[in-house]
Amino acid sequence: MSPRIQIQTTYIFMVSTHPAGVQESGSKYILSQGNQKETVSPNQSLLPLSAKVNDRDHLQIGGCDVTTLVKQFGSPLYILDEESLRTACRQYRDSFKQYYQGESQVLYASKAWNCLAVCAIVASEDLGIDVASGGELYTAIQSGVNAEKIYLHSNNKSREELIFAVESGCTIVVDNWYELNTLVELASNNGSSSCVPYRIMLRLTPGIDCHTHDYIRTGQLDSKFGFDPNALDDLFAFVSEQPSVFNCVGLHAHIGSQIFERQPHQDLAALMVEWLRKAATYGINISELNVGGGLGIKYIESDDPPSIEEWVKPICKVVEKACLDGNLPLPKLLCEPGRSLIGTTCVTAYSIGASKEIPGIRKYIAVDGGMSDNPRPITYQSIYRAVVANKMSVPLSETVTIAGKHCESGDLLIKDAQLPKTEAGDILVVMGTGAYNYSMSSNYNRLPRPAAVLVGNGEASLILQRESYQDLIRQDCLPERCRKNGQ
């Protein structure tokens, strides 16, 4: 049984951070009582929607005291708020139903966090799943997601992954000529005349740039993703000549991640309708358009992303107008949010240990995790906010740098964080860790990966077990000749 515990926007991609000289407390991040949680867009909130300060002055999420969760499950600990995740799913789903007159399907970009529980939750909210590897596809299927709602991405799908996708019945988002030719070869080997044509979409590079970190921009022409838009004639001709191999149902494009601007996605939607029209001249009946994802989230106070509804509405209207002007039927409209669905729904709880003060320079406090459970600060120079879960109303009186425990000078989670005076044993909570934390985690320095719990209505359920030292060597092999003196 699950244990119950009662209780033109400029992007700043993470370098130092808090307003100086302000005597505030961690409770400032809690949504005011006047805010109706149902109408708050989760991507615009630093803490999960269910976050509260309880009568012990402790942070509570999903009705669970965070300090009690750490006692129960250990730290570091990913804490996922079910209410926030389901709210984000519903806001995406319902916004498309409200503003788009045709069919629509929201797909969760599961590379943000792919595990059985997360896939099952989003599927229960009638979302599909976007996967980026055979492993993510396997996880989605094992969680019970209908393969007809799974779309396989990747810029270099292996032959084995393509076979798995075909056998599972999911849609393959074809990224390049190598994949097209591999699918033709597979069909030939299977006897294409007796084969059901492979359900595919074509990913195109739109040539639309946007302001975000270089590593997460994907829409510019100089990108590893997608077919060259200047070669559409060759591409559409090739696909149209293989009707027994390809059932090309749609077109896909994606311009990047953590985007606050609205115009690029509207430009993309209009451009994709033009591509749809061009495909029709080759006899390809495009019934689906996938505009990707990329809506940003609030990591720090100055971040101001559009709400989910504000992002969805204009995209729907642009597609409708372009189709109306071109006398085209409305395609099924798809999108692939990842970060904006799950990023702010999760926090990571750490135990504070050592501290070091260099007079006149800096004070460090160290936690029991770091770059192995959150590689984004060292990879993208990402900025986060943090609170001390057991001191939510204590004034922010210290400026500290929060260091991880890894043997790496760059293992710093937050530089110049404003915190109350801390001591060993305090519980530090870093906000906004739902996206690309667990999914990019590692065993650097052979640290076991953390556990994760799903919280809601005062109940905490384990969704990822903490790794053990035995897990770390489970895949190791030790040849006899490597043993000292053959022992």
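So, here's what we can say about the structure. (Residues numbered from 1 in each chain as written. Predicted model: local features only at pLDDT ≥ 70, side-chain atom pairs only at ≥ 80, totals over all residues. Heavy atoms only, no water.)

## Quick notes on helix 5 (residues 159-168)
Turning to helix 5, its buried residues number three or more, namely Glu-161, Leu-162 and Ala-165. The buried residues of helix 5 occupy an angular sector of 100° when projected down its axis, which confines them to one face. For helix 5, the exposed residues lying more than 90 degrees away from the buried face are Glu-160 and Glu-167. In this fold, the buried residues of helix 5 make contact with helix 4 (134-142), strand 7 (150-152), strand 8 (171-174) and helix 6 (177-190). In the segment just after helix 5, Gly-169 is the residue with positive phi, at about 90°. (Buried < 20%, exposed > 50% of the residue type's maximum accessible area, 1.4 Å probe, protein only. Helix = DSSP H or I, 4+ residues; strand = E, 2+ residues; numbered from the N terminus. Arc of directions from axis to C-beta. Contact = heavy atoms within 4.5 Å.)

## Re the layout of surface pockets
Of the volumes computed, that of the second largest pocket is approximately 290 Å³. Lining of the second largest pocket is provided by Asn-114, Tyr-438, Ser-439, Ser-441, Arg-449, Pro-450, Leu-464, Gln-465, Glu-467 and Arg-474. (1 Å grid on protein atoms, 1.4 Å probe; cavity = no way out; pocket = protein on both sides within 12 Å on 5 of 7 lines; lining within 4 Å. Points joined across faces, edges and corners; volume = space filled by probe spheres on them.)

## Here's the deal with the side chain of Asn-290
Within the fold, Asn-290 resides in strand 11 (residues 288-290). In this view, Asn-290 contacts Leu-107, Met-201, Leu-251, His-252, Ala-253, Met-272, Leu-334, Cys-335 and Glu-336; residues no more than four positions away in its chain are not counted.

## Structural notes on the nonpolar core
When a protein is soluble and globular, its nonpolar side chains tend to lie buried together. With 86 residues, the main nonpolar core has Tyr-92, Tyr-108, Trp-113, Leu-180, Ile-200 and Leu-202 as its most contacted residues. With eight residues, the top contributor of residues to this core is helix 9 (residues 308-325). When residues no more than four places from it in sequence are discounted, the contact partners of Tyr-108 are Trp-113, Val-118, Val-122, Leu-127, Gly-128, Ile-129, Asp-130, Pro-337, Gly-338, Leu-341 and Ile-342. By size, the runner-up hydrophobic cluster in this structure holds 26 residues, among which are Val-70, Leu-77, Val-347 and Ile-427. (Core = buried A, V, L, I, M, F, W, Y, C linked by side-chain atoms within 4.5 Å.)

## Things to note about the pairing of strand 5 (residues 104-109)
Burial analysis of strand 5 places five of its six residues in the buried class, the great majority of the element. Bridge count for strand 5 against strand 12 (residues 332-335) is three bridges, and the pairing is parallel. When the bridges of strand 12 are listed, Ser-104 appears paired with Leu-333. Summarising the sheet, strand 5 and strand 6 (residues 128-131) pair through three bridges and their orientation is parallel. By the bridge assignment, Ala-109 is partnered in strand 6 with Asp-130. In terms of handedness, the path from strand 5 via helix 3 (residues 116-124) over to strand 6 forms a crossover that is right-handed. (Pairing = 2+ DSSP bridges. Right-handed = clockwise from strand over helix to strand, strands pointing away.)

## Quick look at unusual backbone geometry
The omega torsion across Ser-75 and Pro-76 is -5°, close enough to zero to call that bond cis. Positionally, Pro-76 belongs in the loop between helix 1 (66-73) and strand 4 (77-81). For Asp-416, which is not a glycine, the phi torsion comes out positive at approximately 55°. On the secondary structure map, Asp-416 appears in strand 17 (residues 412-419).

## With respect to the packing of helix 5 against helix 6
Geometry of a packed helix pair, given as the angle between the helix axes and the separation of the axes. Two elements in contact, helix 5 and helix 6, have axes whose closest approach is 11 Å; the angle formed by their N-to-C orientations is 60°. Between helix 5 and helix 6, the angle is such that the two are oblique. Helix-helix and strand crossings are classified by hand; for helix 5 and helix 6 the assignment is right-handed. Taken together, the residues of helix 6 that come into contact with helix 5 (itself represented by Arg-159, Leu-162, Ile-163 and Val-166) are Glu-179, Thr-182, Leu-183, Glu-185, Leu-186 and Asn-189. (Axes fitted to C-alpha atoms, helices over the stretch in contact; angles between N-to-C directions. Parallel < 35°, antiparallel > 145°, perpendicular 65-115°, else oblique. Left-handed = near helix turned anticlockwise from the far one by under 90°.)

## Examining helix 6
Each turn of an α-helix holds 3.6 residues, which means side chains three or four residues apart point in the same direction. For helix 6, which comprises 14 residues, the first-to-last C-alpha distance of 20 Å matches the rise-based estimate of 20 Å (1.5 Å per residue) to within 8%. Burial in helix 6 covers these residues: Glu-179, Leu-180, Thr-182, Leu-183, Leu-186 and Ala-187. Burial along helix 6 is one-sided: seen end-on, the buried residues are contained in an arc of 165°. For helix 6, the exposed residues set more than 90 degrees away from the buried face come down to Ser-188 and Asn-189. For helix 6, the secondary structure elements touched by its buried residues are helix 5, strand 8, strand 9 (198-203), helix 7 (232-240) and strand 10 (246-252). With a side-chain oxygen positioned 3.3 Å from the backbone nitrogen of Tyr-178, the residue opening helix 6 is Asn-176. (Expected span 1.5 Å × (residues − 1). Polar contact = N/O pair within 3.5 Å; in protein donor to acceptor, adjacent residues only side chain to side chain.)

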